[in-house]
Protein chains: 2
Amino acid sequence: MTGEIISVGTELLLGQIVNTDAAYAARGLADLGISVYYQVVVGDNRERLSTALEAAFSRSDLVILTGGLGPTGDDLTKEVTAEYFGLPLAEDPAIAGAIAARLARAGILCTAESAKQAMVPQGARVFPNQNGTAPGLAIRQDGRTAILLPGPPREMEPMFSSQIVPYLRSELDGTIRSHCIRLFGIGEAQLEQDLPAALFAASNPTLAPYAKNGEVELRVTARGQSPEQCEEAMRPVIGTIYEILGAYVYGVDVPNLQTVLVHELEERSMTIATAESLTGGLVSERITQVPGASAVFALGVCTYSDSMKAKVLGVAPTTLDAFGAVSRQTAGEMAHHVRELAGADIGVSTTGFAGPAGGTPEAPVGTVFVGIAGLGQTRIIRLGFDIRDVDARSQIRHLTALNVMAAVLRLLKKGDKA
Amino acid sequence: MTGEIISVGTELLLGQIVNTDAAYAARGLADLGISVYYQVVVGDNRERLSTALEAAFSRSDLVILTGGLGPTGDDLTKEVTAEYFGLPLAEDPAIAGAIAARLARAGILCTAESAKQAMVPQGARVFPNQNGTAPGLAIRQDGRTAILLPGPPREMEPMFSSQIVPYLRSELDGTIRSHCIRLFGIGEAQLEQDLPAALFAASNPTLAPYAKNGEVELRVTARGQSPEQCEEAMRPVIGTIYEILGAYVYGVDVPNLQTVLVHELEERSMTIATAESLTGGLVSERITQVPGASAVFALGVCTYSDSMKAKVLGVAPTTLDAFGAVSRQTAGEMAHHVRELAGADIGVSTTGFAGPAGGTPEAPVGTVFVGIAGLGQTRIIRLGFDIRDVDARSQIRHLTALNVMAAVLRLLKKGDKA
């Protein structure tokens, strides 16, 4: 099956917003094994949208359209698509009721414009919108399928993953299942070298690496007659990955490192405290992104000056004098003292030169010390980043935060074995 | 002039990366007054890329291509475009030298593959790449212009803004200048209502609002015979905006709120300290993103529990008992005490319910108290967010951080007048 994605919106053409919808849909289609050769963006323009739709169906069986389902006269996606299929529009009473109820909750009167969103092409499958007013729609005719989705990502993404993926899955022959294995501490090139080439060459299950900002994901996808058959086909592949790269894997089907860290701490009833210099609060910010983090996050202290490191964290002035703030010794004391101050099980620290200014001959910009105190030890990790590009400062901070969280996770797991 | 953007890359079609390049280029073209009606994404495929290029030039004068300039055989953008124009490729010695030097710095041997990146279509204008190996290229022929840019945003964005925009400006009739006015605390709808409609309807200078995640930007763009003429044309428009919405403006041609805050504090030789509960380190993380923040940022404390609020920040247990952690009183004490602890000029605090769990009948999820101590007063701001959508937690944290920074800025400016 071949798919194509058409994103509709003048604000995309003007660069006012980034087209995350297309990426989200593309990834979803890739996971379902549907090939996409083109993505197109057009404005809220009847003629150009109609041209794009015709071109898309001339080369694809499935067209996903996002955006242009709003209540105003500018929003034309539904009208143009219904016209393409020759279908009249009629009000869907359930959707009309849901829209009126949602607007009422927000204290907004339901107008004729809003009522337009309850108009549905005859015979279309309707997908209710939990996070907005415009429903999603699927129209099938003569082997062609058009799926219309609202443009705002917070409406489009949950609708796609919870309603459109199951819908497409049921339309496809057989069943598709996939797992996402997340790794930290290994690059994409190294990973491809370490794993057997046959895994990447196989057509069922397929294995695809995705590199993203310091991390790598491995997505395993299997097709079969049943979910059980798919799972069975994936088991040996996942086993091989764990066997060879297990040390780098931090989770399967998990959203990110901080979520895994919070859950692993929660499971052990352990708490963590952070003392940040270089990362300026980024580590505590990441951890507290996770709902329920309050159960494991005790305290974060962000000290940018020597005097605050001494006064609030209790780093010895002699340590700062003798070794400097960016040193193994200071990182160790920061981690140790924040742990004590918070009465936490684990204390972590970051200190380093994020640039652009700063650094010494022995510790140039990009030098970072990470401290971890707890679990019966104080461990210091020295990191060195040689990034000269425009966003070096934020990259160094981001990669340091990942390293801190991954190092704590490794220690927790090592502690289990001991 | 009509432009079109073609993004090349199989990783875009698979949804492995989001197409930020297209948005960046689109916005740049919009600012230059170049209309864009289509954006297209194709994979690293000779035939489909060639088809897309022909379709684009059938309807546009200018085509921006991003991606596919890498060293491997998959990367075809330059080859396909040169073929389209009928131009042979030849090595550019300056680029070859720059590539070899960059690779040598990274300890990588320059291979035949890398040397491919120094091949340039005959007569093309070459734009050196400060952040990577592939240079940018411009090819002009018979009123058609193709601009080829590297795909990685950290290479593409600086090249576009510092080299392509001036190049396009010099190719266009006359001169174009624009200013970006950034506002916080007012919505796009309110702003359009408050400003004279004539400003938005005018064709020179043009005025365009961009709403982005809690903030609004107003972009004023003028065309004229000289930069001076453009500036003169924009002056009354900017004056009117300041007159009507000055209270909401936090800067002109500035990257973000945290940069303005750091600079305003620096100018006054003032320091700030943060005591965060709800935002979990987000405010300190934002402030320390700014290079040079160490001059103004004294200390950040992130206390998620009552006991840490009492022990580290010195909030009175009686306050916590009587009013709770999410209260006007606790916010005030947090701001006051972190200021004292850090010896800073200003102390700020956040406390609230970000959800999904928590909240009370009087203070439901979305209730936030922001405290600001210093400048001769302690001020408490109560915020209420009624966000029920999937990303409510991160939205509430983000909007609170913006509110904290904007409130401090307002107080600083008010202090100047007093």
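Predicted, not measured: the structure shown is a model, and the values here were computed from it.

Caption draft 1: Structural view of the relation of the copies chain B and chain A. For the pair chain B and chain A, the superposition axis carries a translation of 0.1 Å, the fit reaches an RMSD of 0.2 Å, and the rotation angle comes to 180°. The superposition operator between the copies reduces to a two-fold rotation axis.

Caption draft 2: View of the sheet that holds strand β9 (residues 175-184) of chain A. Residues and elements named next belong to chain A. If you trace the four strands from one edge of the open sheet to the other, you get β10-β11-β9-β12, paired in antiparallel fashion. The sheet is open, and its two borders are formed by β10 (206-212) and β12 (249-252), each paired with just one other strand. This sheet shows a mean twist of 20° between the axes of neighbouring strands, independent of strand direction. Relative to strand β11 (residues 215-224), β9 is paired through ten bridges, and the arrangement is antiparallel. Bridging from a neighbouring strand, phenylalanine 184 pairs with glutamate 215 of β11. Across the sheet, helix α10 (residues 227-245) touches β9, β10, β11 and β12, and the angle it forms with β9 is around 15°.

Caption draft 3: Structural view of the nonpolar core. Residues and elements named next belong to chain A. By size, the foremost hydrophobic cluster in this structure holds 41 residues, and its most contacted members are Leu261, Leu265, Ile272, Ile287, Ile346, Ile372 and Val408. Put simply, the parts of the chain that give this core at least two residues each are α11 (257-267), α12 (282-289), β15 (346-352), β16 (367-374) and α16 (392-417). With 13 residues, α16 is the single largest residue contributor to this core. Apart from residues no more than four positions distant in its own chain, isoleucine 346 is found in contact with Leu265, Met270, Thr271, Ile272, Ala273, Arg339, Ile372, Ala373, Leu375, Val408 and Leu412.

Caption draft 4: Spotlight on the interface of chain B and chain A. Taken together, the contact between chain B and chain A spans 66 residues of the former and 66 residues of the latter. Of the roughly 5300 Å² buried where chain B meets chain A, counting both sides, 55% is carbon and sulfur surface. Counting across the interface, chain B meets chain A through two salt bridges. A salt bridge links glutamate 285 of chain A to arginine 397 of chain B; the shortest N-O distance between them is 3.2 Å. Across the contact surface, chain B and chain A share 22 residue pairs in polar contact (both at pLDDT 80 or more). Of the residues contributing to the side of chain B that touches chain A, the split by class is 34 nonpolar, 19 polar and 13 charged. Sheet topology note: the strand β2 (residues 35-42) of chain A/strand β2 (residues 35-42) of chain B ladder contains five bridges and is antiparallel. Residue pairing across strands places glutamine 39 of chain A opposite valine 41 of chain B, the latter belonging to β2 of chain B.

Caption draft 5: Region of the structure containing the pattern of salt bridges. Residue and element names in this part refer to chain A. This structure, assessed with the given rule, holds 18 salt bridges over all chains. With a closest N to O distance of 2.8 Å, glutamate 4 and arginine 59 form a salt bridge. Remark: arginine 59 occurs in helix α3 (residues 46-59) and glutamate 4 occurs in strand β1 (residues 2-8); sequence separation between them is 55 residues. When its relative accessible area of 0% is taken as the criterion, glutamate 4 is described as buried. The class for arginine 59 is partly exposed, based on a relative accessible area of 36%.

What counts and what doesn't
- Residues numbered from 1 in each chain as written.
- Chains lettered and ligands numbered in written order.
- Predicted model: local features only at pLDDT ≥ 70, side-chain atom pairs only at ≥ 80, totals over all residues.
- Heavy atoms only, no water.
- Least-squares fit on C-alpha atoms with pLDDT ≥ 70 in both.
- Pairing = 2+ DSSP bridges.
- Helix = DSSP H or I, 4+ residues; strand = E, 2+ residues; numbered from the N terminus.
- Axes fitted to C-alpha atoms, helices over the stretch in contact; angles between N-to-C directions.
- Contact = heavy atoms within 4.5 Å.
- Core = buried A, V, L, I, M, F, W, Y, C linked by side-chain atoms within 4.5 Å.
- Buried < 20%, exposed > 50% of the residue type's maximum accessible area, 1.4 Å probe, protein only.
- Buried area = accessible area lost by both parts, 1.4 Å probe.
- Salt bridge = Lys/Arg side-chain N within 4 Å of Asp/Glu carboxyl O.
- Polar contact = N/O pair within 3.5 Å; in protein donor to acceptor, adjacent residues only side chain to side chain.
- Nonpolar A, V, L, I, M, F, W, Y, C, P; charged D, E, K, R; others polar.

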